[in-house]
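Letter by letter, the chains look like this.
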Amino acid sequence: FITYFTTAKGRKQFSIWMKRYMEYKDLILPILKEHEMPEELMILAMIESGLNPKAYSRANASGMWQFIYSTGKTYGLKRDWYIDERRDPIKSTHAACGYLKDLNKQFDNWYLALAAYNCGAGRVSRASKLHQTYDFWQLHSLPRETRNYMPYFLAASIIAKNPLKYGFKRKKTKEPISYDLVTIEKSADLTVLARAANTSFKMIQTLNPELRQSATPSESYTLKIPKGNKNLFIKNYNALPESERFAPQFVSHKVRNGESLSLIHI
């Protein structure tokens, strides 16, 4: 895998990953430190999603840490019409730390914990019982993808630790992700919010990848805007008439048996 990452197609892929590593490390590494987790676990997000907050798999896993809905919900990640917190780099990293702590507590072995992150704790437990060992390298009944998972992870970790040795330039091609926080009371159009922050619609989406719609949620929401623009945003946004600040407000109602449109009052 080291050879793969340092030649042809693999090198191009890893170069993109390293750019994103430099972009997101100031957000993710402090969270890992807060949870007393090895900083190399950021590489797990790298091989899971390429550090892409909006990554989505055929197995319906989403975000940098590739949570499926049920596991994300177990670890406190919300998904509704407006947001999918699996795509929030900060909240999903906290959730991943919780999940990885539980897996490592169960197996007391990082290799098995990471294998379980890939294919599920039950599958790793069954393989361990079948082969009568906790040695990851002897669990031959694990799926091929999982058996390749640790070499893939280790190769990426080794290269990321010393990219210059493997011909990668660790230069900052992008500014690290940084932002200010503002509170939006009700659902507001992202185009309006971008103008108030003197930035682009695309930048607002980049800073808030958990947003699934072109508007903030109907309840109070903490929006990320480019760092240094908070005072300008507050001034511009407060200057707008309320009718121009907010998107049309919608209320959900589940129609009950026997109800007609004229009987529904919201």
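What you see is a predicted model; the values in this text were computed from it and never measured.

1. Concerning empty space enclosed by the protein
All told, the structure shown has one cavity of 30 Å³ or more when counted by the stated rule. Considered as a void within the structure, the largest cavity measures approximately 70 Å³ in volume. Residue lining of the largest cavity: Tyr24, Leu27, Asp88, Pro89, Ile90, Ile177, Tyr179, Thr206, Leu207, Pro209 and Lys224, and that is the complete set. Contributions of two or more residues to the lining of the largest cavity are made by helix H2 (8–34), helix H5 (89–107) and helix H10 (201–207).

2. Examining the layout of surface pockets
The volume enclosed by the largest pocket comes to roughly 670 Å³. Lining the largest pocket are 24 residues, and of these Glu48, Ala59, Tyr117, Asn118 and Glu145 lie nearest its centre. Going through the elements one at a time, helix H3 (42–49), helix H6 (110–119) and helix H8 (144–161) are the ones with two or more residues in the lining of the largest pocket. Here the element with the most residues in the lining of the largest pocket is H8; it accounts for five residues. Classifying every residue of the lining of the largest pocket gives 13 nonpolar, seven polar and four charged.

3. Remarks on the packing of aromatic side chains
All told, the structure shown has 15 aromatic pairs when counted by the stated rule. Between Tyr99 and Tyr117 the ring centres are 5.3 Å apart and the planes differ by 40°, which places this aromatic pair in the tilted class. With a gap of 18 residues between them, Tyr99 in helix H5 and Tyr117 in helix H6 connect regions that are remote in the sequence. Here Tyr99 and Tyr117 have matching classes, each one buried.

4. Quick notes on the packing of H2 against H8
Running from amino to carboxyl end, H2 crosses H8 at an angle of 65°, the nearest separation of the two axes being 12 Å. The two elements H2 and H8 cross, and the hand of that crossing is right-handed. Side by side, H2 and H8 meet where Gln13, Phe14, Trp17 and Met18 of the first sit next to Tyr152, Ala156, Ile159 and Ala160 of the second.

5. Description of the environment of Gly76
Summarising the element assignment, Gly76 is placed in the loop between helix H4 (69–74) and H5. We classify Gly76 as exposed; its relative accessible area is 56%.

6. Considerations on H8
When the terminal C-alpha atoms of H8 are compared, their 26 Å separation across 18 residues agrees well with the 26 Å that a helix rising 1.5 Å per residue should span. Those residues of H8 not exposed but buried are Thr146, Tyr149, Met150, Tyr152, Phe153, Ala155, Ala156, Ser157, Ile159 and Ala160. Contacts made by the buried residues of H8 are with helix H1 (2–5), H2, H3 and H6.

7. Here's the deal with the side chain of Thr6
If you trace the backbone, Thr6 turns up in the loop between H1 and H2. Accessibility expressed as a relative area gives 18% for Thr6, which makes it buried. Leave out the neighbours within four places in its chain, and Thr6 touches Arg11, Ile159, Tyr166 and Phe168.

Reading the values: rules and limits
Residues numbered from 1 in each chain as written. Predicted model: local features only at pLDDT ≥ 70, side-chain atom pairs only at ≥ 80, totals over all residues. Heavy atoms only, no water. 1 Å grid on protein atoms, 1.4 Å probe; cavity = no way out; pocket = protein on both sides within 12 Å on 5 of 7 lines; lining within 4 Å. Points joined across faces, edges and corners; volume = space filled by probe spheres on them. Helix = DSSP H or I, 4+ residues; strand = E, 2+ residues; numbered from the N terminus. Nonpolar A, V, L, I, M, F, W, Y, C, P; charged D, E, K, R; others polar. Phe/Tyr/Trp six-rings, centres within 6.5 Å; stacked < 30°, edge-to-face > 60°. Buried < 20%, exposed > 50% of the residue type's maximum accessible area, 1.4 Å probe, protein only. Axes fitted to C-alpha atoms, helices over the stretch in contact; angles between N-to-C directions. Left-handed = near helix turned anticlockwise from the far one by under 90°. Contact = heavy atoms within 4.5 Å. Expected span 1.5 Å × (residues − 1).

As far as function goes, none of this settles anything; it's purely spatial.
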